[in-house]
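Each chain is listed here by its residues.
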Amino acid sequence: MKKSNIEEINRNIYDIKNKDEYDFKIKKGLTAEIINEISNQKNDPDWMREFRLKALDVYNQLELPSWGPDISELNMNEIATYVRPKSKLNSSWEDVPEDIKNTFDKLGIPEAEKTSLAGVGAQYDSEVVYHSMKEDLIKQGVIYTDMETAVREYPDLVKEHFMKCVPVYDHKFVALHGAVWSGGSFVYVPKNVKVDIPLQSYFRLNSPESGQFEHTLIIVDEGASLHFIEGCSAPKYNKVNLHAGCVELYVKDNAYLRYSTIENWSKNMLNLNTKKAIVGKNAGMDWVSGSFGSKISMLYPMSILNGEGAKTEYTGISFAGKGQNLDNGFKVVHNAKNTSSVVNAKSISKNGGVCTYRSLVRINENAKNSKCTVSCESLMLDDISRSDTIPTNEIKTDEVEFSHEAKIGKISDKTIFYLMSRGISEEDAKAMIVRGFAYPISKELPVEYAVEMNNLINLELEGAIG
Amino acid sequence: MENLKLNETPIRTARNFNINNIKLENIELPEVIQDFKNLKITGNDLKIDINSRKSNCNLSYGLGDILTNQINEKSNCNLKIMVDKKENKETLIEFNFDEKNEGLIDNVEITANEESSATIIIKYNSKSIQKCYHNGIIKTIAHKNSNIKIILVNLLSTISNNFISIENQLEESSKVNYTIVDFGGKNSITNYYSNLVGDYSENIVDTVYLGKENQLFDLNYITELKGKNANVNMEIQGALKDNAIKHFKGTIDFKKGSKKSKGNENEFCFLLSDKAKSLGLPMLLCSEEDVEGNHASSARKNWRKRIILYYE
């Protein structure tokens, strides 16, 4: 039977809710004592413990944002910032505890690893429970491991880059991340190594009233290339969960990195994530982003084009339904000659959902002969939803070509009429148009992930149209 | 001397984007101000009531409490302009600043009655070496089927301060067409708000600015579409050379009920110097499904040859 109301729809695989079992769960709140306890539990080196405590000080000094969605419901005294699952880090799925393995099985991770990935990391609550990479990449010197292992085994590389691209002073939730981070992935691709098949890290939060604060640090050395895929999901609980991850990407001269994300957090999640890339001379950084989940999302990936001839592209879609406020966008700083950026952002609002595209384009004095093109389209599927476009454009040089276009509107009546005249029902016609609207984003993903994204769109559209 | 925080956007964005408001330091706000006498009105057969009494003006947005209160408490020139039903009038109002008229705090109220039409040119003019102070409000009510064209020309010296708040109320099938020529002022700060409550109401704003030396333009244009089939069109174009800075904050806000309404916003900035800076925040806000909103902004290189003619 066709379901007619979004609440009736089982989010099936994403809503798998395991029993809240853990090896250790830190008490709720955010104090120096708690930070020290996290450091103890993780056997941090001294420099990391000091870093965490300093970040806590910064967190306490900084104010909540005075803009964007209302996040006043977030009470850190009700959030457990560290939950260690009943599993150590494994390199074989057979060694992962049954309930956790089943969750990742249903999410399709082990299968994807076999068919289309060169390596996989899987995080459950605060720790990575599985990590593996193909032998040939290991032989070429590629490092793909969890962040804790990287801190221990590659301290110089980590110290040089950890929270340098995203300093703790950036904003309050970066400072929070610095204080309580746990898990995440570390990738180093040596000079001139091309990783042709993607790596994927998947982040799953199972524990209620908790937070996930994974740290992803990727260094693509000169002339190297990589496609990294990030997935995330969580089952829905009645109380707020928090995600404040941090992604730091270093794309050295002549290197290339594509960072793809399909975010499907549960609709009780506050997703206050930070992602930033520093892009070197003649290097390329592409972002592909599908944002479907979360109650509130504030996510603005950023490329800093520091090297002459550096390029970046952002292709993203947000889909907000009932009770969701997705405040997403992109930031780019042109900081060298002949740099270029292309932004293609889309959003769909339905059933009272709120989508905001918020962005920054900054072209500095030294970025002569740079080019930037921004296109932003918003689709409203009903008159109880909301869609806003809030772009900031700062141009500081005369030798530049910059253009920004934005459109907002509904599905064209004429197009629906045309499709219906071809025997397609109104509901199917609208769904077809929405999928076509999202196509420029899905075509940028590997086919398996494009299918997942289309499935998510179908799931979101059920009951919203017609 | 005052430090002022002015011209707040209707919706805030990130603080470090430095565009939610404008902060001006050490601005001299005149304490005692004499009547402004160098006012010239030509081509007039409009009903204009001129007085220098204190005004009582409430603004939906405006530049901020300090400047709005200054107008309410210290205005030295108030004009009430009435366009009668079915009239079609034209007039030129010139405020000429000189040694005896260095400060103007004015409140201009325009009422366009049903089916009236008028063209009103308001010009602020000063000698190039004279430091002037201008803080004004122009408030227009356009009743049903009225058609008002207002041309606002700022030719104050580039060492002056120019603050202006504009507010329009548009009823059914009314049209308000603003042309703003913004050349003067060291600081030229404009708050423009249109409230399109009437079905089929239409607001067109065309602005041209030219910035040189250390001029700062902060333009905050807000339009709210509430009636059905309402229409807004904003065209903002200008050029900046030397160390000039322009902030353009444009908001088209489709309120619930504004079905079939359209809003277009187009901004084009010519940068003629490496030290000039253009900051833009063209916002589209939408809580109504059946509308069409578009904005476009751009900056291009190599326009020097074409635009230099305007300066000379």
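Visitor: Would you mind going over the overall build of chain B with me for this structure?
Guide: When helices and strands are counted, chain B shows 2 helices and 20 strands. Taking 312 residues into account, the globule formula puts the C-alpha radius of gyration at 20 Å, and chain B, at 19 Å, falls close to it. Here the C-alpha coordinates of chain B stretch approximately 50 × 45 × 35 Å along the principal axes. The proportion of buried residues among the 312 residues of chain B is 51%.

Visitor: Help me out: how do you make sense of the overall build of chain A in this one?
Guide: Of the regular secondary structure elements, chain A holds 11 helices and 25 strands. For 466 residues, the compact-globule estimate of 2.2 N^0.38 gives 23 Å, and chain A sits close to it at 22 Å. Each of the three principal axes of chain A carries a C-alpha extent, and together these read 65 × 55 × 45 Å. Within chain A, the proportion of its 466 residues that are buried is 58%. Across chain A, the fraction of contacts at a sequence separation of at least 24, relative to all contacts at a separation of at least 6, is 83%.

Visitor: Just to check I follow, could you spell out the environment of B:N18 for this structure?
Guide: With respect to the helices and strands, the residue B:N18 is situated in the loop between β1 (2–6) and β2 (22–27). Given 14 C-beta atoms within a 10 Å radius, B:N18 is considered partly exposed.

Visitor: What should I look at first to understand the packing of helix α2 (residues 46–61) of chain A against helix α8 (residues 172–180) of chain A in this one?
Guide: Two quantities define a packed helix pair, namely the angle between the helix axes and the distance between the axes. Residues and elements named next belong to chain A. At a minimum axis distance of 7 Å, the contact between α2 and α8 shows a crossing angle of 155 degrees. As the angle between them shows, α2 and α8 are arranged roughly antiparallel. At the point where α2 passes α8, the crossing takes the left-handed sense. From α2, F51, R52, A55, L56, V58 and Y59 reach across to α8, where they touch K172, A175, L176, G178 and A179. A breakdown of the residues in the contact of α2 with α8 according to their chemical character gives 8 nonpolar, 1 polar and 2 charged.

Visitor: So what exactly am I meant to see when it comes to the pairing of strand β23 (residues 370–380) of chain A here?
Guide: Strand residues, when the strand is regular, have side chains that alternate between the two faces of the sheet. All names here are of chain A. Taking burial as the measure, the 11 residues of β23 include 8 buried ones, the bulk of the element. Here strand β21 (residues 340–349) pairs with β23 via 10 bridges, running parallel. When the bridges of β23 are listed, A345 appears paired with C376. Pairing of β23 with strand β25 (residues 400–410) involves 11 bridges; the strand directions are parallel. What sits directly across from S378, in β25, is I408.

Visitor: Explain the packing of helix α9 (residues 413–421) of chain A against helix α10 (residues 426–442) of chain A to me, please; I cannot follow it from the model alone.
Guide: Residues and elements named next belong to chain A. At a minimum axis distance of 9 Å, the contact between α9 and α10 shows a crossing angle of 125 degrees. In terms of orientation, α9 lies oblique with respect to α10. Helix-helix and strand crossings are classified by hand; for α9 and α10 the assignment is right-handed. For the pair α9 and α10, contact is made by T415, I416, L419 and M420 and by E426, A429, K430, M432 and I433, respectively.

Visitor: Can you help me understand the environment of B:E167 in this one?
Guide: Residues and elements named next belong to chain B. Relative to the assigned elements, E167 resides in strand β11 (residues 161–170). Given 22 C-beta atoms within 10 Å, E167 falls into the buried group. Residues E167 and D290, spaced 123 residues apart in sequence, show a C-alpha to C-alpha distance of 26 Å. Those residues in contact with E167, other than ones at most four positions away along the chain, are L59, S60, K139 and Y193.

Visitor: How should I be thinking about α10(A) in this particular structure?
Guide: Every α-helix carries 3.6 residues per turn, so stepping three or four residues along brings you back to the same face. A rise of 1.5 Å per residue sets the reference length of α10(A), with its 17 residues, at 24 Å; its end C-alpha atoms lie 23 Å apart and thus fit the reference within 8%. The largest bend in α10(A) amounts to roughly 30 degrees and is located at A:G436, with the proline A:P440 lying one to four residues further along.

Visitor: Help me out: how do you make sense of the domain arrangement of chain A in this one?
Guide: Accessible area lost on assembly of the parts is the figure often given for the size of an interface. When the domains of chain A are assigned, the result is domain 1 (6–299) and domain 2 (411–466). Put simply, the middle of domain 1 of chain A and the middle of domain 2 of chain A, counted by C-alpha atoms, are 31 Å apart.

Visitor: What is the right way to look at the nonpolar core in this model?
Guide: Grouped burial of nonpolar side chains is what soluble globular proteins tend to show. Residues and elements named next belong to chain A. Counting residues in hydrophobic clusters, the biggest one holds 220 residues, and the most contacted among them are V220, V251 and L257. Viewed by domain, this core spans two of them, domain 1 (6–299) and domain 2 (411–466), each represented by three or more residues. Excluding its chain neighbours within four sequence positions, the residues that come into contact with V220 are V189, S225, L226, Y250, V251, K252, A255 and L257.

Visitor: I tried to follow the interface of chain A and chain B on my own but got confused; where do I start?
Guide: Between chain A and chain B, the contact holds 33 residues from the first and 37 residues from the second. When contributions to the side of chain A that touches chain B are tallied by element, the ones reaching two or more residues are β22 (354–363), β24 (386–395) and β25 of chain A. No other element matches β25(A), which puts 11 residues into the side of chain A that touches chain B. Residues belonging to the side of chain A that touches chain B are distributed by class as follows: 10 nonpolar, 9 polar and 14 charged. Of the strand pairs in this sheet, β24(A) and strand β19 (residues 277–286) of chain B are connected by 6 bridges, and their pairing is antiparallel. For A:E394, the partnering residue across the bridge sits in β19(B) and is B:L279.

Visitor: Even after reading the chapter, I still don't get helix α4 (residues 109–116) of chain A, so can you show me in this structure?
Guide: All names here are of chain A. When α4 is considered as a whole, its buried residues turn out to be I109, A112 and E113. Buried residues of α4, viewed axially, fall in a sector of 105 degrees; they line one side. Of the exposed residues in α4, the ones pointing more than 90 degrees away from its buried face are K114 and T115.

Visitor: Any chance you could explain unusual backbone geometry here in plain terms?
Guide: The phi torsion of most residues other than glycine is negative, and most of the peptide bonds are trans. Residue and element names in this part refer to chain B. Positive phi, close to 60 degrees, is recorded for N7, a residue that is not glycine. You can see N7 is positioned in the loop between β1 and β2. We note that D242 has phi near 55 degrees; this positive angle belongs to a residue other than glycine. With respect to the helices, strands and loops of the structure, D242 is situated in the loop between β16 (231–240) and β17 (245–254). On the basis of neighbour counts, which here come to 14 C-beta atoms within 10 Å, the residue D242 falls in the partly exposed class.

Visitor: What should I look at first to understand the pairing of strand β12 (residues 175–182) of chain B in this one?
Guide: Residues and elements named next belong to chain B. Of the two faces of β12, the one lined by V176, Y178, I180 and D182 is fully buried and the one lined by K175, N177, T179 and V181 carries no buried residue. Sheet analysis places β12 next to strand β14 (residues 202–211), joined by 8 bridges and oriented parallel. Its bridge partner being in β14, Y178 is matched across the sheet by V205.

Visitor: Would you explain the environment of B:G227 in this entry?
Guide: Residue and element names in this part refer to chain B. Positionally, G227 belongs in the loop between β15 (216–225) and β16. By C-beta crowding, G227 is classed as buried, having 24 other C-beta atoms within 10 Å. What G227 contacts, discounting residues up to four positions off in sequence, is L196, V197, G198, D199, S201 and S258.

Visitor: It is not clear to me how the confidence of the model for chain B should be interpreted in this structure. Could you clarify?
Guide: Close inspection of predicted coordinates is inappropriate for parts of the model with low pLDDT. With 95% of its residues at a pLDDT of 70 or more, chain B has an overall mean of 92. Under the prediction, the complex receives an ipTM of 0.91, its pTM being 0.92.

About the criteria used
- Residues numbered from 1 in each chain as written.
- Chains lettered and ligands numbered in written order.
- Predicted model: local features only at pLDDT ≥ 70, side-chain atom pairs only at ≥ 80, totals over all residues.
- Helix = DSSP H or I, 4+ residues; strand = E, 2+ residues; numbered from the N terminus.
- Rg over C-alpha atoms; globule rule 2.2 N^0.38 Å.
- Buried ≥ 20, exposed ≤ 12 C-beta atoms within 10 Å, placed from the backbone.
- Contact = placed C-beta atoms within 7 Å.
- Axes fitted to C-alpha atoms, helices over the stretch in contact; angles between N-to-C directions.
- Parallel < 35°, antiparallel > 145°, perpendicular 65-115°, else oblique.
- Left-handed = near helix turned anticlockwise from the far one by under 90°.
- Nonpolar A, V, L, I, M, F, W, Y, C, P; charged D, E, K, R; others polar.
- Pairing = 2+ DSSP bridges.
- Expected span 1.5 Å × (residues − 1).
- Bend = angle between axes of the 7 residues up to and from the residue.
- Domains from an automatic or database assignment.
- Core = buried A, V, L, I, M, F, W, Y, C linked by C-beta atoms within 7 Å.
- Arc of directions from axis to C-beta.
- pLDDT = per-residue confidence, 0-100.

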